[in-house]
Every structure is written in structure tokens, then in C-alpha cells.
Amino acid sequence: MAEINVVPYIDVMLVLLIIFMATAPMLMQGVKVDLPEASSDPVENQDSEPLIVSVNAGGELFLNLGNEKQVLALATIKDRVSKVMKRNPNKPVLIWGDEAVSYGEVVTVMVALQQAGAPSVGLVTENP
């Protein structure tokens with residue numbers, strides 16, 4: 001009578017699960033900003049990783065493409081988002097705006113992202 005020993009497969013699965021759980025928080029990259037507090041409903045679960053534009057307290061713009069954490073101009077961000085949206089038009093786009101940044105600067109970034117082809121732009125907040 002031939003039986004398959006599944007214990008090694010379970011061990012491998014558990015090791016992979018632990019590795020995934022340890023690396024998943026590291027995949028969310030971005031610039032440290034103090035998000036405004038607001039009670040809002042969460043966005044529905046998306047299959048693809050969102051494209052995040054961060055605006056820090058000094059009004060500097062960052063984009064979460066790759067491991068780069070350099071300040072980018074609005075025109076550069078608009079160009080890069082346009083290229084991404086051409087490849088994947090359903091990719092969600094979010095803005096992490098520091099609460100110290102003026103409303104006008106965030107609206108300017110939102111308009112630029114919509115001109116780049118993003119159908120809708122979401123704002124990220126923290127729960128109070």
C-alpha cells in the first residue's frame with residue numbers, strides 16, 4: 001500500500017507563509033507623512049497594488065515606483081503615471097497628503113493625476 005507523506009509539504013507551506021507574512025509589510029513603500037484624521041469608509045479591495053503619490057509637509061512630491069525615494073517634479077510624476085496608466089488603466093491611484101500641506105497643493109496633484117489618465121484618485125486618511 002503506497003501512501004504519500006504530506007508532512008514535508010505542510011512544513012514547506014508554513015515556511016512560505018511565514019516568509020510572506022514577514023515581507024508583506026515591507027512592500028508598502030512611501031514617504032512618512034502625518035495623514036489627516038477622518039472617519040471614512042475603506043476603499044473596496046483592489047486586485048492590483050495602488051500607485052501612491054506622497055506629498056510631505058514641505059510640499060515635496062514622491063512616487064512609489066521601485067525603491068526610489070527622491071523628490072520629483074509634478075511634470076515628472078504626471079509623465080510616469082501616464083505611462084503606468086497606459087499599461088494598466090484600472091490601476092488605483094492614491095494620494096498620501098500630509099495634513100500640513102495646503103488644500104490647493106493636493107488638488108493640483110489630483111488634477112495632474114487625472115490629466116495623466118487616472119480615472120479616479122483617492123485620498124488616504126487615518127481613522128481618528
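In this text the structure is predicted, and so the values were computed from the model without any measurement.

Enquirer: Provide a residue-level description of the confidence of the model for the chain, including the pertinent values.
Expert: Mean pLDDT over the chain works out to 81, with 80% of the residues at or above the 70 mark. In the model of the chain, strand β4 (residues 121–123) stands out as the element of lowest mean pLDDT, 84, in contrast to helix α2 (residues 74–87), which has the highest, 89.

Enquirer: Break down the side chain of Asn 64 for me, with residues and values.
Expert: Tracing the sequence through the fold places Asn 64 in the loop between β2 (61–63) and α2. Separated by 2.9 Å, the side chain of Asn 64 and the backbone nitrogen of Ile 52 make a polar contact.

Enquirer: Break down the pairing of strand β1 (residues 51–55) for me, citing the residues and quoting the values.
Expert: The element β1 is extensively covered by neighbouring structure, given that five of its five residues are classed as buried. Burial along β1 is two-sided: Leu 51, Val 53 and Val 55 and Ile 52 and Ser 54, pointing in opposite directions, are all buried. Sheet topology places β1 next to strand β3 (residues 93–97); five bridges connect them, and they run parallel. What sits directly across from Val 53, in β3, is Ile 95. Two elements, β1 and β2, share three bridges in a ladder whose sense is antiparallel. Bridge pairing links Val 55 to Leu 61 in β2.

Enquirer: Explain helix α3 (residues 103–115) to me, using residue names and the numbers behind them.
Expert: Taking 1.5 Å of rise per residue, 13 residues should cover 18 Å, and α3 covers 18 Å from first to last C-alpha, within 8% of that figure. When we look at burial in α3, the residues that qualify are Val 106, Val 109, Ala 112 and Leu 113. Buried residues of α3, seen end-on, are gathered within an arc of 125 degrees and therefore sit on one face of the element. Facing away from the buried side of α3, by more than 90 degrees, are the exposed residues Tyr 103 and Gln 115.

Enquirer: Before we move on, can you summarise the pattern of salt bridges with the specific residues and values?
Expert: Tallied over the entire structure, the rule returns one salt bridge. Across the pair Asp 79 and Lys 83 runs a salt bridge, and its minimum N-O distance is 3.5 Å. Placement of both Asp 79 and Lys 83 in helix α2 is noted, with a separation of four residues, approximately one turn of the helix.

Enquirer: Kindly report on the sheet that holds β4, identifying the contributing residues and their values.
Expert: Here we have four strands laid out as an open sheet, ordered β2-β1-β3-β4, and mixed in their pairing. Sheet topology places β2 and β4 at the edges, where each strand pairs with a single neighbour. Going across the sheet, the axis of each strand differs from the next one's by a mean of 25 degrees, ignoring polarity. Of the strands in this sheet, β1, β2 and β3 touch α2, which is tilted by about 25 degrees from β2.

Each value, and the rule that gives it
- Residues numbered from 1 in each chain as written.
- Predicted model: local features only at pLDDT ≥ 70, side-chain atom pairs only at ≥ 80, totals over all residues.
- Heavy atoms only, no water.
- pLDDT = per-residue confidence, 0-100.
- Helix = DSSP H or I, 4+ residues; strand = E, 2+ residues; numbered from the N terminus.
- Polar contact = N/O pair within 3.5 Å; in protein donor to acceptor, adjacent residues only side chain to side chain.
- Buried < 20%, exposed > 50% of the residue type's maximum accessible area, 1.4 Å probe, protein only.
- Pairing = 2+ DSSP bridges.
- Expected span 1.5 Å × (residues − 1).
- Arc of directions from axis to C-beta.
- Salt bridge = Lys/Arg side-chain N within 4 Å of Asp/Glu carboxyl O.
- Axes fitted to C-alpha atoms, helices over the stretch in contact; angles between N-to-C directions.
- Contact = heavy atoms within 4.5 Å.

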